[in-house]
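Structural overview
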Amino acid sequence: MESNNGPETGPDHRRVSVVQLICRAYGLSDASEITVEHIYRYVNERRREEEKAHHVRERLRPRIPRPRAAADDAA
């Protein structure tokens, strides 16, 4: 499995591979214990977390009113 870089972690900002992230997430000792189910579960959990974070960011984003156009006054 190729070593895709994950998020930066720790004070020294070392890159962590997806394999390492999956092992840490599910308490596996090494990559040989990873199954397809682990991969699907990990991807789905990350996708849900991203969607949740996106909704929170959208909800917290300040709403700036758009400038009124001349046509708006006529209506």
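Residues numbered from 1 in each chain as written. Predicted model: local features only at pLDDT ≥ 70, side-chain atom pairs only at ≥ 80, totals over all residues. Heavy atoms only, no water.

1. So, helix α1 (residues 18-26)
What α1 keeps buried is the set Val 19, Leu 21, Ile 22, Cys 23 and Tyr 26. Buried positions along α1 lie against α2 (36-60). (Buried < 20%, exposed > 50% of the residue type's maximum accessible area, 1.4 Å probe, protein only. Helix = DSSP H or I, 4+ residues; strand = E, 2+ residues; numbered from the N terminus. Contact = heavy atoms within 4.5 Å.)

2. Quick notes on the pattern of salt bridges
Applying the stated criterion across every chain, the model contains four salt bridges. Here Arg 46 and Glu 45 are joined by a salt bridge, their closest N and O atoms 3.8 Å apart. Measuring nitrogen to oxygen at the nearest pair gives 3.6 Å for the salt bridge that ties Arg 46 to Glu 49. Taken as a pair, Arg 46 and Glu 49 lie in helix α2 at a separation of three residues, close to a single helical turn. In this structure Arg 46 comes out as partly exposed when scored by relative accessible area, which is 30%. Where salt bridges share partners, they join Arg 41, Glu 45, Arg 46 and Glu 49 into one cluster. (Salt bridge = Lys/Arg side-chain N within 4 Å of Asp/Glu carboxyl O.)

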